[in-house]
Amino acid sequence: MRVETRNWLTEQDPGGWVVPHDDPFVWWTVTRVHALFVAPRLVVDEYDELLGRTVQRVRRPFELKARLVDLDGSQWELGDRERVLLHQRPGPRWWWLRDVSGEDLARMEQYRVG
């Protein structure tokens, strides 16, 4: 689900809002931030046959962030959500909300910063 974040003072503290993109008049309140993940900008060296030398290729032009959070939606009858992933995808860097499995978290552990 595509969402927007609002009123979030710091990345590691609860209290911000997660707003469904298609309904900006309701929101979840972030009650807990379990973890913060950051995938850094990714540049790799590749051999370019046309140029005949090694060049840098940008695979991820900017860092991507994700947060494992608990959400309270009782004020707007959205329902509570526990341990869901609020994350960005490559491209236009919109925020997305989805359920996460233990396997997903294990893959993401290398990017954990908080």
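Predicted model, so just to flag it, every value in this text is computed and none were measured.

(A) Structural detail: the overall build of the protein chain. Scanning the protein chain from terminus to terminus reveals one helix and eight strands. Reading the secondary structure of the protein chain in the N-to-C direction produces β-β-β-β-β-β-β-β-α. Along the longest, intermediate and shortest principal axes, the C-alpha atoms of the protein chain span 60 × 30 × 25 Å. In the protein chain, the proportion of contacts linking residues at least 24 apart, taken out of those at least 6 apart, comes to 46%. When the accessible surface of the protein chain is summed, it comes to about 7400 Å², and 48% of that surface belongs to carbon and sulfur atoms. The distance from the centre of the 17 positive side-chain charges to the centre of the 19 negative ones in the protein chain is 6 Å.

(B) Spatial organisation of the nonpolar core. Residues Val 3, Trp 8, Val 18, Trp 28, Val 30, Val 33, Val 69, Leu 71, Val 84, Leu 86, Trp 95 and Leu 97 constitute the largest nonpolar core, which totals 12 residues. Of all elements in the fold, only strand S3 (28-39), strand S6 (64-72), strand S7 (81-88) and strand S8 (95-99) reach the threshold of two or more residues within this core. Ignoring any residue separated from it by four or fewer positions in sequence, one finds Val 84 in contact with Arg 67, Leu 68, Val 69, Leu 71, Leu 97, Arg 98 and Asp 99. Ranked by size, the runner-up nonpolar core spans eight residues in total, among them Ala 35, Phe 37, Ala 66 and Leu 85.

(C) Molecular detail of the environment of Met 1. In this structure, Met 1 sits in the segment before strand S1 (2-6). In the structure, Met 1 is positioned 19 residues away from Pro 20 in sequence and 7.4 Å away in space, judged by C-alpha atoms. Once residues within four sequence positions are removed from consideration, Met 1 is found in contact with Pro 20, Trp 28, Trp 95, Trp 96 and Leu 97.

What counts, and where the lines are drawn
Residues numbered from 1 in each chain as written. Predicted model: local features only at pLDDT ≥ 70, side-chain atom pairs only at ≥ 80, totals over all residues. Heavy atoms only, no water. Helix = DSSP H or I, 4+ residues; strand = E, 2+ residues; numbered from the N terminus. Contact = heavy atoms within 4.5 Å. Areas by Shrake-Rupley, 256 points an atom, 1.4 Å probe, with all protein chains shown as cover. Lys, Arg positive; Asp, Glu negative; His and termini not counted. Charge placed at Lys NZ, Arg CZ, Asp CG, Glu CD. Core = buried A, V, L, I, M, F, W, Y, C linked by side-chain atoms within 4.5 Å. Buried < 20%, exposed > 50% of the residue type's maximum accessible area, 1.4 Å probe, protein only.

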